[in-house]
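Each chain, letter by letter, is given below.
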Amino acid sequence: MEYRRMGKAGLQLSVLSFGSWVSFHKQIDDGVADELMGIAYDKGINFFDNAEVYALGESEKMMGRVLKKKNWDRTSYVISSKVFWGWRGKQNKPNQTGLSRKHIVEACHEALQRLQSEYLDLYFCHRPDKNAPIEEVVWTMNTLIQQGKILYWGTSEWSGVEIMEAHRVAHQYNLIGPSMEQPQYNLFERNKLENEFLMIFRTVGMGTTIWSPLASGLLSGKYLQGIPDGSRFALAGFDWLKDQWLKNDFLDKVKRLDKLAKNLEITMPQLSIAWCIKNPNVTTAILGATRKEQLLENLGALEAQETLTEDIMQQIEEIVLTKPKLPDY
Ligand code: NDP
């Protein structure tokens, strides 16, 4: 396993990490979660990602049970939670979502209970809250750090401007600003990491824990032959995600990438994940998996990085940047 510093922070994260969105509680039970986290940990993964909203709190409870059973040295791994949407779904009352001081603090306490931990290593603002003053967010996160309830705080899917505004406030009041951002990053979703955030990497030195390296499974190539039973795009309630990704333009590109991967004697998920972690501004790519075989295959991305030479990276670029043909008018 390779470990990277999280931006300018002292913390080191394994370049591949493991997350629980969709899978924990909805698709897999405690037994499979235990098996997958065990494989991850044994292979050197030291970061497990979670959020209050995942399976409306059940995902954190499941991870908490697995961690308790594993009884690993607490200093050997990093866990996260994220605050914003609340865990009560449609029952959420006004102060049970968002980034007010009240919700950030209460969500932190609740996540600690569910995860059965005394502190969160990483605590993310899952989205920006247009209604909460940024001063309130930064002061609250700083207080939680002083109280030892969280060690680092960060953002997820914030704009570059919003992140820099948090740093401005932190600087003004001598507070601790955000150390990491969690953006989506994969072969089909690149703008923030490759354009918008470049200045922030250079000046502030921000770490990134990127999500959906396989675009929810699309970049594994599994959807080239239709939608397999039990896969994410077959799940009830995930039509919005399926509609976002199952488009002819994306599928054509996946087909060409799949051919390239076969020529390189690596698999399509390995090519896609290796491509993400070739970017030095990625601290860690958070993997998702519902089966042991998927996780083991994806861990092969570490070695597959060597296969992606400059020439191959250029070939990938030509495939993913090809524009769909315009119809003749
Ligand atoms: P991916 O894009 O890698 O998708 C993972 C899913 O793809 C798996 O659950 C599995 O789904 C399928 N898959 C994985 N490997 C293979 C394989 N080798 N062959 C075939 N299918 C495979 O990552 P996620 O979208 O799960 O995101 C990873 C993590 O990032 C999340 O768990 C969460 O922690 C975080 N995240 C954060 C967000 C944020 O807003 N901050 C948003 C989304 C995720 P299946 O078997 O069901 O088809």
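The paragraphs below set out a description of the structure included in this document.

### Points about the overall build of the protein chain
In terms of regular secondary structure, the protein chain is built from 13 helices and 10 strands. Rg of the C-alpha trace for the protein chain: 20 Å, near the compact-globule value of 20 Å for 329 residues, within the 12% margin. Principal-axis analysis of the C-alpha atoms gives the protein chain an extent of 55 × 45 × 40 Å. For the protein chain, the residues scored as buried account for 55% of the 329 residues in total. By sequence separation, contacts in the protein chain at least 24 residues apart represent 78% of the contacts at least 6 residues apart. For the protein chain, the accessible surface area stands at approximately 15,300 Å², while carbon and sulfur atoms represent 50% of it. Between the averaged position of the 39 positive side-chain charges in the protein chain and that of its 41 negative side-chain charges there is a distance of 3 Å.

### As for helix α9 (residues 248-264)
Spanning 17 residues, α9 covers 24 Å between terminal C-alpha atoms, matching the ideal 24 Å at 1.5 Å per step. Within the span of α9, buried status applies to Phe250, Leu251, Lys253, Val254, Leu257, Asp258, Leu260, Ala261 and Leu264. Those residues of α9 that are buried are in contact with α8 (239-245), α10 (268-277) and α13 (310-320).

### Topic: the environment of Leu296
For Leu296, the position within the fold is in helix α11 (residues 292-299). Along the chain, Leu296 and Leu36 lie 260 residues apart, while their C-alpha atoms are 9.3 Å from each other. Not counting chain neighbours up to four residues away, the residues in contact with Leu296 comprise Ile39 and Lys43.

### What about the site of the ligand?
Looking at the ligand, there are 32 residues lining it, with Asp49, Ser212, Lys222, Arg232 and Thr290 nearest. Between the ligand and Gln294 there is a distance of 3.0 Å, counted from an oxygen atom to a side-chain nitrogen or oxygen. Alone, the ligand offers 910 Å² of accessible surface; in the complex the protein occludes 96% of this. Broken down by element, the residue count for the shell around the ligand peaks at three residues, all from α11. Across the shell around the ligand, the residue classes break down as 10 nonpolar, 16 polar and six charged.

Cut-off values and rules
- Residues numbered from 1 in each chain as written.
- Predicted model: local features only at pLDDT ≥ 70, side-chain atom pairs only at ≥ 80, totals over all residues.
- Heavy atoms only, no water.
- Helix = DSSP H or I, 4+ residues; strand = E, 2+ residues; numbered from the N terminus.
- Rg over C-alpha atoms; globule rule 2.2 N^0.38 Å.
- Buried < 20%, exposed > 50% of the residue type's maximum accessible area, 1.4 Å probe, protein only.
- Contact = heavy atoms within 4.5 Å.
- Areas by Shrake-Rupley, 256 points an atom, 1.4 Å probe, with all protein chains shown as cover.
- Lys, Arg positive; Asp, Glu negative; His and termini not counted.
- Charge placed at Lys NZ, Arg CZ, Asp CG, Glu CD.
- Expected span 1.5 Å × (residues − 1).
- Near = heavy atom within 4 Å.
- Polar contact = N/O pair within 3.5 Å; in protein donor to acceptor, adjacent residues only side chain to side chain.
- Nonpolar A, V, L, I, M, F, W, Y, C, P; charged D, E, K, R; others polar.

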